[in-house]
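Given next are the chains, with one letter for each unit.
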Amino acid sequence: MSEHSTEISVPARHQALAQLNAGIADACAGLGISGTDCLRLQLVAEELFINTIDHGLQRNSDSIVRLVVGRDDGGLTLRYEDEAPAFNPFLPPATTAGDDSIGGLGLALLSGMSQSQHYRREGGRNIVEIGLQAP
């Protein structure tokens, strides 16, 4: 994935968000990623994480979410894996006639903040890979 990376694993539970963010902060410090870029990675990871729990699994779960934070000459990378039902966050949401529901803004944020996005389903897991350009 990257020249240098760190893996983080947490249960898919709202209470694990602080542990997830602390793991990302530790990974950023170890990889020499700036505080601003670390906050960007945390924001992207938090959006994916909360969506996994609230929309994918639809509950707190002991299912493990894995992240890999990386850095290489091309910038920063985040690989996010979960065991929720298949969902590609980079496809436009399906809408129905008269649908005026609020939603999808976080997913638009993901696309807007990233330089590259890839999704695949493998071994019963969603795998999202996001590249962020280093300033």
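Residues numbered from 1 in each chain as written. Predicted model: local features only at pLDDT ≥ 70, side-chain atom pairs only at ≥ 80, totals over all residues. Heavy atoms only, no water.

Draft legend 1. Up close: unusual backbone geometry. Of note, Q58 is a non-glycine position whose phi angle comes to about 60 degrees, a positive value. Looking at the element boundaries, Q58 is found in the loop between α2 (35–57) and β2 (64–72). Classification of Q58 by relative accessible area gives exposed; the value is 63%. (Helix = DSSP H or I, 4+ residues; strand = E, 2+ residues; numbered from the N terminus. Buried < 20%, exposed > 50% of the residue type's maximum accessible area, 1.4 Å probe, protein only.)

Draft legend 2. Spotlight on the packing of helix α1 (residues 17–31) against α2. Between α1 and α2, the shortest axis-to-axis distance is 10 Å and the interhelical angle comes to 150 degrees. Taken together, α1 and α2 sit at an angle that is classed as roughly antiparallel. The interaxial crossing formed by α1 with α2 has right-handed handedness. In contact with L17, L20, N21, I24, A25 and C28 of α1, α2 contributes C38, L41, Q42, A45, E46, F49 and I50. The class makeup of the residues in the contact of α1 with α2 is 10 nonpolar, 2 polar and 1 charged. (Axes fitted to C-alpha atoms, helices over the stretch in contact; angles between N-to-C directions. Parallel < 35°, antiparallel > 145°, perpendicular 65-115°, else oblique. Left-handed = near helix turned anticlockwise from the far one by under 90°. Contact = heavy atoms within 4.5 Å. Nonpolar A, V, L, I, M, F, W, Y, C, P; charged D, E, K, R; others polar.)

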